[in-house]
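Residues per chain, in single letters:
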Amino acid sequence: MPDSRADMLKTALAERLWPRPPLWMSALGAATIALLVIYPFVFTTSFSHHLMILILLYALMAQSWNVVAGLSGQISLGQAIFFGIGAYSSTVLFAKYGITPWAGLLVGMLLSALAAIAIGVPTLRLRGHYFAIATLLIGSSVQIVFQRWDWVGAASGLYVPIMRTAPFFYLQFHTSKVPYYYLALGAAAAGYLAVWKLRRSRLGFRLQALRDDPDAAASLGIAIARHKVLAFMISAAMMSVAGTFYAQYVLVLDPERLFSTEISIIVLLMSVLGGSGTLWGPAVGAAILVPLSEYSRIWFGGTGRTIDLIIYGILILLVCMWRPSGILSLLEERVRRRATTP
Amino acid sequence: MSPLLEVKGLTKRYGGLTANADVAFDVKKGEIVGIIGPNGAGKSTLFDLITGFQPPDAGRILLDGHDITGLRPDRISRRGVARTFQKLKPFPDLTVTENVIVGALARTSDMKTARERALESLAFVDLLEKRNHFARELSTGQRKRLELARALATSPRLVLMDEVTGGVDQRSIAGLIALVVELKQRGLTMVMIEHNMQVIMGLADRIVALHRGRPIVFGTPEDVRSDSAVVDAYLGSIDVAA
């Protein structure tokens, strides 16, 4: 090896494995985190709390879609299945057996991961659009099952029994939304931290590899089908967490809403808008689309139910035209391209 | 000593088309075996059969005496067989270093070790300069070297190279040949599909010549050069009487 090349290798080895983002990005990130922590005391109305709780939960849900679709390249159109499983798991266990929703949260994650295996093992072996079609149809079927299933309240759904004591045990708060806010913040933070770790792990690298080229990935020893199922399981468990928290927040389970295709599609839209495959894209998408939906409901009332979807459509169109890989994609690539010495 | 790779009676049909018929050869440790033949002779199909991307209709593939016929590509890779693709398959949305890290992760789960291995591999193919570029930004020649670096990062016992010099300008070919020579000196065993006769005659210890899926010669470059069937397959037979 020539000396110049040996020198370059030395330089390359001394670089950081993951380049530091530029200062302004770090500063912006720190400011955002600080703002999120003090938010309920800066904005004190119940509506501003409600809005942010939804943004945080949707940010988590959009990230869950991003794990299976953005990282491993498998388009799921059935994420609502796991949202519903999360909500029903904690509520059924609590309403029927008095088990704390914290345990229900874990049971929901487990059941969602198992459902992801049941759906993923037969469908993720196939290439192409079969997985997307299968998840869409299975999602509709699951909704119908829950609407007919008497034991879980059929079409009228379930109520979370109201408890006035031990709020943290029962995971319900009736005097203020602030505890819900911090729970949602904690859930979203845990989800994003987990995905941040995942993306830097061997599994994360392998998922991105099989997304980019399954044949090349297989030629490097990656078991394609097993890795896709694994990504789907992680995605399902994350979605389930959002479902449990959502149930504890609204205290009413409506299968029509929980298992709706609309939820499956909206988490996709958020992720694509912000930048699918990026870490922060789904959060940016949620921060844009949730307020849009909530404010259009306020401004246009009941008749405005679909105005937000029209605006979503226009936004997605614009992103597709100018930045098909999403709002944040360029920023993230700039960081990954940076080679900095320690 | 048993050969590292042994192929016996390998046959693959697509409907009425026979892509490989009764292909047999062996590769000894440390040897370079070349695969030649005109377009459509079944060279890339042969690689797909050996590396598990296609199941053969008949025949057996032995790696170090163990039967690997019909195993999945990832399992064959884990037994130490790496390959490059004729139609290049980089991971376009990963950087050059990240591409090769994926290869190195076949042998280690530690990211730091994987990155060190990846950078060494990139230094070997002289692609360090581009390490922080995205793979989609590379030229064809650079992609070939990236794919080789990625395959080598898996620490293989055997590498199958599908036209490393194809579509590469004359100056870069010399560099790629030097890489192959150095790999051979390090004791790596290689099977190379190669269109460039000059290149393969100089590099290979033995050569398999395929024609319409059938092996017509298996021998040293001299054997192949002097074989009339090979000359016929490439140039068409000359009817002297006419």
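Relevant structure appears above.
These remarks concern the structure in this document.

Definitions and limits used
Residues numbered from 1 in each chain as written. Chains lettered and ligands numbered in written order. Predicted model: local features only at pLDDT ≥ 70, side-chain atom pairs only at ≥ 80, totals over all residues. Helix = DSSP H or I, 4+ residues; strand = E, 2+ residues; numbered from the N terminus. Rg over C-alpha atoms; globule rule 2.2 N^0.38 Å. Buried ≥ 20, exposed ≤ 12 C-beta atoms within 10 Å, placed from the backbone. Contact = placed C-beta atoms within 7 Å. Right-handed = clockwise from strand over helix to strand, strands pointing away. Pairing = 2+ DSSP bridges. Axes fitted to C-alpha atoms, helices over the stretch in contact; angles between N-to-C directions.

Let's talk about the overall build of chain B
What chain B contains, in helices and strands, is nine helices and ten strands. The C-alpha radius of gyration of chain B comes to 18 Å, within 12% of the 18 Å expected for a compact globule of 242 residues. On the principal axes, the C-alpha backbone points of chain B span a range of 65 × 40 × 35 Å. Each of the 242 residues in chain B was classed as buried or not, and the buried ones make up 47%. Partitioning the contacts of chain B with sequence separation of at least 6, the portion at a separation of at least 24 is 64%.

Section: unusual backbone geometry
Both trends apply: most residues other than glycine have a negative phi, and most peptide bonds are in trans. Positive phi values are uncommon outside glycine, yet A:Leu251 reaches one of about 65°. The residue A:Leu251 is located in the loop between helix H11 (224-250) and strand E2 (252-253) in this model. C-beta crowding within 10 Å serves as the criterion here: with 14 such atoms nearby, A:Leu251 is assigned to the partly exposed category. Phi at B:Ser155 takes a positive value of approximately 50°, unusual for a residue other than glycine. On the secondary structure map, B:Ser155 appears in the loop between helix H5 (140-152) and strand E7 (158-162). A tally of 15 C-beta atoms within 10 Å means that B:Ser155 is categorised as partly exposed.

Brief notes about the pairing of E7(B)
Side-chain positions along a regular strand alternate between the two faces of the sheet. Residues and elements named next belong to chain B. In terms of burial, E7 is largely enclosed, as five of its five residues are buried. Alternating positions in E7 separate into two faces, Leu158, Leu160 and Asp162 on one and Val159 and Met161 on the other, with burial throughout. Considered for its hand, the β-α-β crossover made up of E7, helix H6 (residues 170-185) and strand E8 (residues 189-193) is right-handed.

Thoughts on the sheet that holds strand E5 (residues 66-67) of chain B
Residue and element names in this part refer to chain B. Sheet architecture is open: four strands sit in the order E2-E1-E4-E5, paired in antiparallel fashion. Among the strands making up the open sheet, the edge pair consists of strand E2 (17-27) and E5. Bridge count for strand E4 (residues 58-63) against E5 is two bridges, and the pairing is antiparallel. Across the sheet, the residue bridging to Leu62 is Asp67, located in E5. The strands touched by helix H1 (residues 43-50) are strand E1 (5-14), E2 and E4; relative to E2, the strand with the most contacts, the crossing angle is about 65°.

Structural notes on the environment of A:Ser156
With respect to the element layout, A:Ser156 can be found in the loop between helix H6 (130-148) and strand E1 (158-159). For the pair A:Ser156 and A:Leu253, spaced 97 residues apart in the sequence, the C-alpha separation amounts to 8.2 Å.

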